[in-house]
Amino acid sequence: MFKSFFFARRWWAWSVLGSAVILLATAYRVQLDVQINEWFGSFYDLIQEALGKPGSITAEQFWGQLSTFARIAMIYVTTAVLVDFFSKHYIFRWRQAMNEHYMAAWPRLRHIEGAAQRVQEDTMRFARTMEDLGLSFMRSLMTLAAFLPVLWALSDKITELPLIGTVPHALVWVALAWSLGGTLLLACVGVKLPGLEFHNQRVEAAYRKELVLGEDDPARAAPPTAAELFAAVRRNYFRLFFHYLYFDVVKWSYLQVSVLVPLIALGPTLIAGAITLGVMQQIARAFDKVLESFQFLVLNWSTVVEQISIYKRLRAFERQMQEAAPASA
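Here the structure is a predicted model, which is why all the values come from computation and not from measurement.

(A) Region of interest: the overall build of the chain. What the chain contains, in helices and strands, is 11 helices and 0 strands. Compactness check: the chain gives a C-alpha radius of gyration of 26 Å against a globular reference of 20 Å for 329 residues, more than 25% above the reference. With respect to the three principal axes, the spread of C-alpha positions in the chain is 85 × 45 × 35 Å. Here the chain holds 329 residues, and 40% of them are scored as buried. Within the chain, residue pairs in contact and separated by at least 24 positions form 82% of the contacts whose partners lie at least 6 positions apart. Carbon and sulfur atoms form 66% of the exposed surface of the chain, whose accessible area is close to 18100 Å². Across the chain, 31 positive and 27 negative side-chain charges occur, with their mean positions spaced 6 Å apart.

So, in structure tokens, the structure goes:
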């Protein structure tokens, strides 16, 4: 899964240089996010001034602020589109490297149970999921690195926290505690999901294989056999549905309450009128960015579960490859 791409001379340009391009472009996108956050502060301070003192700002100031946002947004959209386009090519080259590695050993793999599914479907799903998770993870790390100092500085403007009182750099600790608590909560609630996803692919593979064999052999895929295999698929899916039910209840409840967390933390400061509207917008956006970065596993738990399942299947397949190597020699 990894050696075929990152340690192969043929793919050095894509694996090393391509990774560097994606990292640099993602870092630039995060810096644009920081600029947008700063813009929100100055823009809403301007709006507060205009509403508090009619006639205190000019049309040039207002339209100038909007044009500044439009410029940053256009650069952001262009960068995002180009990064996503390049990343899709990067990930497909990764899949191609895995595919060529497995196909080079196909003569001794073709008799392994589910070999075709591993080479075709699982490499495709592995690459696609790595694109989603990999880019999200890198973006989360870089967003955290960019916005954590911003939130750290803005937290100096917070007078106190409800029920707790004055805490230096309060919002940083609130974001960290809330996100870690949510991650641990969902990890405990969703502990059974990776195993169920892994087993789900096994029962699906058994059912699909019997149907494929039945296309050429009338003795295979008889109605009782197919019904029994499909019943196993049905049982596992229903178990998945049940476990995802309570997992989703906890996940979405946690995410909805997360919307209120910064407002609760800002409550005493807002009541005291200690900050402006622009600063409040900056704090709220920076808090959301930091919280979102800390919540990477919370927001991507279903995808992580799927990738763990794919990884387990490919690792088992690679072990079978190694066991089959001496026999072919």
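(B) Examining the UniProt feature "transmembrane region" (unreviewed entry) in the chain more closely. Under the UniProt annotation, the feature "transmembrane region" (unreviewed entry) is placed at residues 68-86, 133-152, 172-193 and 260-280. The distance from the first to the last C-alpha atom of residues 172-193 is 31 Å, and the span holds 86% helix and 0% strand. Between the C-alpha atoms that bound residues 260-280 there is a distance of 14 Å. The span itself is 76% helix and 0% strand.

(C) Examining helix α9 (residues 277-294) more closely. Compared with an ideal rise of 1.5 Å per residue, which puts 18 residues at 26 Å, α9 spans 26 Å between its outermost C-alpha atoms and is within 8% of the ideal. Residues of α9 that are buried: Gly 278, Val 279, Gln 281, Gln 282, Ile 283, Ala 286, Phe 287, Val 290, Leu 291 and Ser 293.

(D) Representation of the packing of aromatic side chains within the structure. Going through the model one piece at a time under the given rule, you end up with 18 aromatic pairs. Ring centres 5.2 Å apart and planes at 85 degrees place the aromatic pair Trp 39 and Phe 40 in the edge-to-face group. For the pair Trp 39 and Phe 40, a shared accessibility class is recorded, and that class is buried. A centroid spacing of 5.9 Å and a plane angle of 45 degrees characterise the contact between Tyr 237 and Phe 241, whose relative ring orientation is tilted.

(E) Representation of a nonpolar patch on the surface. Together, Val 259, Leu 260, Leu 263 and Ile 264 line one region of the surface with nonpolar side chains, adding up to about 380 Å² of accessible area. Secondary-structure assignment places Leu 260 in helix α8 (residues 223-271).

(F) Focus on the nonpolar core. Judged by nonpolar contacts, the single largest core of 25 residues is most densely connected at Phe 147, Leu 151, Leu 171, Leu 266, Ile 283, Phe 287 and Val 290. Among the elements of the structure, α2 (12-52), α5 (115-154), α6 (170-189), α8 and α9 are those that each provide at least two residues to this core. Beyond its immediate chain neighbours, meaning those up to four positions away, Ile 283 contacts Leu 151, Leu 154, Ile 158, Leu 171, Leu 266 and Ile 275. Counting residues in hydrophobic clusters, the runner-up holds 17 residues, among them Phe 5, Trp 94, Phe 126 and Ala 127.

(G) Quick look at the packing of α6 against α9. One way to put it is that α6 packs onto α9 with a least axis distance of 9 Å and a crossing angle of 35 degrees. Like other packed secondary-structure pairs, α6 and α9 cross with a definite hand, here right-handed. Residues Leu 171, Val 174, Ala 175, Leu 176, Trp 178, Ser 179 and Thr 183 of α6 form the contact with α9, whose own contacting residues are Ile 283, Phe 287, Val 290, Leu 291 and Phe 294. Partitioning the contact of α6 with α9 into residue classes produces 10 nonpolar, 2 polar and no charged.

(H) Main features of the pattern of salt bridges. Applying the stated criterion across every chain, the model contains 2 salt bridges. Note that Glu 100 and Arg 10 form a salt bridge whose closest N and O atoms lie 2.4 Å from each other. With Glu 100 in helix α3 (residues 59-104) and Arg 10 in the loop between α1 (3-6) and α2, this residue pair connects regions lying 90 residues apart in the sequence. Residue classification places Glu 100 among the partly exposed residues on the basis of a relative accessible area of 31%. Of the residues examined, Arg 10 reaches a relative accessible area of 55% and is grouped as exposed. Between Lys 289 and Asp 33 there is a salt bridge whose closest N-O contact spans 3.7 Å. With Lys 289 in helix α9 and Asp 33 in helix α2, this residue pair connects regions lying 256 residues apart in the sequence. You can call Asp 33 buried: its relative accessible area is 10%.

(I) Here's a closer look at the confidence of the model for the chain. Of the residues in the chain, 94% have a pLDDT of 70 or more, and the chain-wide mean is 80. Of all the helices and strands in the chain, helix α4 (residues 106-109) carries the lowest mean pLDDT, 70, while α3 carries the highest, 86.

(J) Spatial organisation of the packing of helix α7 (residues 193-216) against α8. Between α7 and α8, whose axes approach to 9 Å, the crossing angle comes to 160 degrees. In terms of orientation, α7 and α8 fall into the roughly antiparallel class. Judged by the sense of rotation from one axis to the other, the crossing of α7 with α8 is left-handed. Across the contact of α7 with α8, the residue classes break down as 14 nonpolar, 5 polar and 4 charged.

Rules used throughout
Residues numbered from 1 in each chain as written. Predicted model: local features only at pLDDT ≥ 70, side-chain atom pairs only at ≥ 80, totals over all residues. Heavy atoms only, no water. Helix = DSSP H or I, 4+ residues; strand = E, 2+ residues; numbered from the N terminus. Rg over C-alpha atoms; globule rule 2.2 N^0.38 Å. Buried < 20%, exposed > 50% of the residue type's maximum accessible area, 1.4 Å probe, protein only. Contact = heavy atoms within 4.5 Å. Areas by Shrake-Rupley, 256 points an atom, 1.4 Å probe, with all protein chains shown as cover. Lys, Arg positive; Asp, Glu negative; His and termini not counted. Charge placed at Lys NZ, Arg CZ, Asp CG, Glu CD. UniProt positions renumbered as here; feature names shortened; annotations may be inferred. Expected span 1.5 Å × (residues − 1). Phe/Tyr/Trp six-rings, centres within 6.5 Å; stacked < 30°, edge-to-face > 60°. Patch = residues over 30% accessible without salt bridge, like charges linked within 9 Å, V, L, I, M, F, W, Y side chains within 5 Å. Salt bridge = Lys/Arg side-chain N within 4 Å of Asp/Glu carboxyl O. Core = buried A, V, L, I, M, F, W, Y, C linked by side-chain atoms within 4.5 Å. Axes fitted to C-alpha atoms, helices over the stretch in contact; angles between N-to-C directions. Left-handed = near helix turned anticlockwise from the far one by under 90°. Nonpolar A, V, L, I, M, F, W, Y, C, P; charged D, E, K, R; others polar. pLDDT = per-residue confidence, 0-100. Parallel < 35°, antiparallel > 145°, perpendicular 65-115°, else oblique.

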